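What follows is each chain in one-letter form.
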Protein chains: 2
Amino acid sequence: MIASAKVAGAVANRIHQPSVFGEILIGLLLGPTLLNVLGWPVFAPGGDREAAPLLPLIRDLAQIGVLLLMFVAGLETDLVQMRRVGKVAFWSAFGGVALPMIGGAATAVAFGLPLYWQGIFIGAILTATSVSISAQTLMEIGALKSPEGSTILGAAVIDDVMGIIVLSLVVALANASSAGMNWLALGIVALRVTIFFVAGIAAARFLTPMLRWASQLGVSQAVLAAALVVLFVYSWAAEYIGSVAAITGAYLAGVLVAQTEFKREVDAGIHPLTYSMFVPLFFISIGLQANGRELGPRAMFTIVLVLVAVVAKAIGCGVCARLFGFSTKASVRVGIGMISRGEVGLIVAGYGLANGLIGTDVFSASVVMVLATTMVTPPLMRLVFPPHEFTVTPVEETIVGPPEEGEPYPTTR
Amino acid sequence: MIASAKVAGAVANRIHQPSVFGEILIGLLLGPTLLNVLGWPVFAPGGDREAAPLLPLIRDLAQIGVLLLMFVAGLETDLVQMRRVGKVAFWSAFGGVALPMIGGAATAVAFGLPLYWQGIFIGAILTATSVSISAQTLMEIGALKSPEGSTILGAAVIDDVMGIIVLSLVVALANASSAGMNWLALGIVALRVTIFFVAGIAAARFLTPMLRWASQLGVSQAVLAAALVVLFVYSWAAEYIGSVAAITGAYLAGVLVAQTEFKREVDAGIHPLTYSMFVPLFFISIGLQANGRELGPRAMFTIVLVLVAVVAKAIGCGVCARLFGFSTKASVRVGIGMISRGEVGLIVAGYGLANGLIGTDVFSASVVMVLATTMVTPPLMRLVFPPHEFTVTPVEETIVGPPEEGEPYPTTR
């Protein structure tokens, strides 16, 4: 699975798709949608096609992978840059979170799904833009440093945080609802969420002394081990104390560790095995858990969901950009540039599946939605960012200009 | 668990024990022997003290950790140095493998356990010396570069390989035995072992091209991912094709990857998360799986096993060293220096427990044996390596002289 994920990622790169796209797609092909490898005799002893003894292990590793991934995302969140982002980017991000949220919930209700909590959860899956995909395409187009480009990047970063906040609220409210959804239950959940965030952020003052102490222990990899302990404790506390998702805790832990002097050491230590083992297994497991064959009865829902994901994000971001001072042309570019969804949407969908908030059918539709939005974003962006406007000012990155019509796109490496 | 392992390792270092010692001991204290943390309400929902939902996950992670650990051991096996090791070291290692093997099996039989395969397996657990513990103590004594010191180190390295070979033979024979133990079954197993090793070593010629190809894929951590694929494929093939233990395959994969130009990159990438997460969980899980309370009826057996482990290793190594040219005094030193057991013994014992070759009682006795041999080695070595002989020639490493009588030993860092 690791091999197929990496090779598929490389193939996707060759055809100018992000490697995430290839990794999810190959997972989908290996899963019950097409090959159902986990049912092969070599994996299922005794030829029992239903028993898939590997799946629980892969699911566990993928879950740890998700925590590691969100921790790294937190580590790499640049709080300083976020504060510097202009109000256009902030409100674009806001519009691009609110409208897909409402659109997703409305779509679910229109197709007969209950608003609480399946509908609202589907809305939450549609919120977060993928920073990496937008950045990659902007780089290939040569528009990374344009006002639209930097607005898209800034908005995509804020968007991740907003996505996490939306997820936290939805999970907390769903928890309150399972406890009766009266004012008392709501009050208790609100209190728990507050306690988690206040205590979690207040505890950050002990991070630097703790990591410094670990660095002097003299045992192997003590700083990284301490960071992992922080990651797992915050993840645990997010669920058990804060009644929000564990990934919220992992992300918060990453953001807080990034403020210490050990950020580089932790980042460098956690990257290799995370990106060589856990993350490929996570993307493959997404495909393994999805089942395209179940989409038959949900074909219409899936198509509408993809359309809503594309249109709501583009309009939500675009209109807000227009309202806060961008020209119509630039606003359309910002809206289009924010369409792609990625890891965070899948992580949210995986959380919903694991906790019974959505079924396999909705999960599979979400996977298709992520693949489709990722696929349409680069060509749509090339349409609204005309080459002649953006080749004139090459910037310091290894940016290549757009190729001639009909020529293969050069790689950015 | 990661936190307790690392802190216990650091405490062990302070009192001049290897950190492994602290990590196993804390696992034993956290396990059913004393605290039984996995039965605590916070881990066992509903207060069910028997249900320990974390244990399968920890066991899975520990198993992956064992494969990673053996892979790293293989990576760091210096084939060039092994070929240069003198015949004294080679035959000392041989004696130190053969005698504990026989002694362990005889002890088992004396206590009413069947020779096949429990007795022979107990023998196999006693074979491998821990390189790291011997090296650490030699360094503290200042005798690392003495003839005895380099013989101990050389023998300890060869010893690991012999331990792996013994384990492979025992597992293969046990597999043949479960298939009826006739000549046909034996022949098939012999053929499978041969095919695995011949094909595995022959396939090594494709390693460099494959890793080079991976390094040009352009996706994140592709070389490390390829090395992991090699590791897991060899581990799988060891069991399913070679009818030997998966750890044999992991070790072989490490030795073969070490011959390529990517050794450093793989080693550097695999170290951080392995030593911060997987290895501490492995050592803790050893303690969690053991149960000191079961040792009551096996108290006599455990004591005798520890004595046999100490005496058989010392005599086996010492007599062979004497036979191949060392003085009696030097031979005693070599024998004493080889007593400590470590990771490999525990990995072998864990394999036996997981595959039903030994019960929890024998497993717990083996854990006590590893702890006891580790604990007695440093003081015994200080007894036979008198300080006045070894302080005169400090070598280039950060070696500290032996302390004054009654003074605390200084750390080597």
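Residues numbered from 1 in each chain as written. Chains lettered and ligands numbered in written order. Predicted model: local features only at pLDDT ≥ 70, side-chain atom pairs only at ≥ 80, totals over all residues.

(A) Geometry of the overall build of chain A. Secondary structure summary: chain A contains 18 helices and zero strands in total. Among the 413 residues that make up chain A, the fraction classed as buried is 55%. The long-range fraction of contacts in chain A, counting pairs at least 24 apart against all pairs at least 6 apart in sequence, stands at 75%. (Helix = DSSP H or I, 4+ residues; strand = E, 2+ residues; numbered from the N terminus. Buried ≥ 20, exposed ≤ 12 C-beta atoms within 10 Å, placed from the backbone. Contact = placed C-beta atoms within 7 Å.)

(B) Structural view of the packing of helix α5 (residues 87-110) of chain B against helix α14 (residues 299-323) of chain B. Residues and elements named next belong to chain B. Orientation of α5 relative to α14, taken along the N-to-C sense of each, is 150°, at an axis distance of 7 Å. Taken together, the axes of α5 and α14 lie roughly antiparallel to each other. Seen from above, α5 lies across α14 with right-handed handedness. For the pair α5 and α14, contact is made by Val88, Trp91, Ser92, Phe94, Gly95, Gly96, Ala98, Leu99, Pro100, Gly103, Gly104 and Thr107 and by Val304, Leu305, Val308, Ala309, Ala312, Lys313, Ile315, Gly316, Cys317, Val319, Cys320 and Ala321, respectively. (Axes fitted to C-alpha atoms, helices over the stretch in contact; angles between N-to-C directions. Parallel < 35°, antiparallel > 145°, perpendicular 65-115°, else oblique. Left-handed = near helix turned anticlockwise from the far one by under 90°.)

(C) Representation of the relation of the copies chain A and chain B. When chain A is brought onto chain B, the operation consists of a screw motion whose angular component is 180° and whose axial shift is 0.0 Å, with 0.0 Å RMSD remaining. In symmetry terms, the pair is related by a two-fold rotation axis. Every residue of chain A has its C-alpha some distance from the rotation axis, and the shortest such distance is that of Leu273 of chain A, at 3.2 Å. An overlap of 100% is found between the interface residues of chain A and their copies at the interface of chain B, pointing to a shared contact surface. (Least-squares fit on C-alpha atoms with pLDDT ≥ 70 in both.)

(D) Local environment of the interface of chain A and chain B. Counting residues at the interface gives 28 residues for chain A and 28 residues for chain B. Listed by contribution, the elements that provide at least two residues to the side of chain A that touches chain B are α1 (2-14), α3 (54-75), α11 (222-240) and α13 (263-289) of chain A. Ranked by residue count, the leading element in the side of chain A that touches chain B is α13 of chain A, at eight residues.

(E) Representation of helix α12 (residues 246-257) of chain B. Residue and element names in this part refer to chain B. A rise of 1.5 Å per residue sets the reference length of α12, with its twelve residues, at 16 Å; its end C-alpha atoms lie 17 Å apart and thus fit the reference within 8%. Most of α12 sits inside the fold, with eleven of its twelve residues counted as buried. Residues of α12 that are buried: Ala246, Ile247, Thr248, Gly249, Ala250, Tyr251, Leu252, Ala253, Gly254, Val255 and Val257. (Expected span 1.5 Å × (residues − 1).)

(F) The confidence of the model for chain A, seen in detail. When pLDDT is averaged along chain A, the result is 84; 89% of the residues meet or exceed 70. Predicted complex, confidence summary: ipTM 0.81, pTM 0.83. (pLDDT = per-residue confidence, 0-100.)

(G) Geometry of the environment of Val37 of chain A. Here Val37 of chain A shows up in the loop between α2 (19-30) and α3. Here the alpha-carbon distance between Val37 of chain A and Gly27 of chain A, two residues ten residues apart in the chain, equals 10.0 Å.

(H) How the structure looks around helix α8 (residues 147-178) of chain B. The end-to-end C-alpha separation of α8 of chain B is 45 Å, in line with the 46 Å expected for 32 residues at 1.5 Å each. Across the 32 residues that make up α8 of chain B, a large majority, 25, are buried.

(I) Focus on the packing of helix α5 (residues 87-110) of chain A against helix α8 (residues 147-178) of chain A. Residue and element names in this part refer to chain A. Orientation of α5 relative to α8, taken along the N-to-C sense of each, is 45°, at an axis distance of 8 Å. Comparing their axes, α8 and α5 come out oblique. Considering only the axes of α5 and α8, their crossing is right-handed. Contacts between α5 and α8 involve Val88, Ala89, Phe90, Ser92, Ala93, Phe94, Gly96, Val97 and Met101 on the former and, on the latter, Thr151, Gly154, Ala155, Ile158, Asp159, Met162, Gly163 and Val166. Class assignment of the residues belonging to the contact of α5 with α8 gives a composition of eleven nonpolar, five polar and one charged. (Nonpolar A, V, L, I, M, F, W, Y, C, P; charged D, E, K, R; others polar.)

(J) Expanded view of the environment of Val304 of chain B. Secondary-structure assignment places Val304 of chain B in helix α14. When the C-alpha atoms of Val304 of chain B and Ala185 of chain B are compared, they prove to be 35 Å apart, with 119 residues separating the residues in sequence.

(K) Broad picture of unusual backbone geometry. A cis amide bond links Tyr116 of chain A with the next residue in sequence, Trp117 of chain A, at an omega value of -10°. Examined against the element boundaries, Trp117 of chain A turns out to sit in helix α6 (residues 115-125). Its identity as a non-glycine residue notwithstanding, Ser243 of chain B has a phi of 50°, on the positive side. Mapped onto the elements, Ser243 of chain B comes out in the loop between α11 (222-240) and α12. Look at Ser243 of chain B and you get buried, because 23 C-beta atoms sit within 10 Å.

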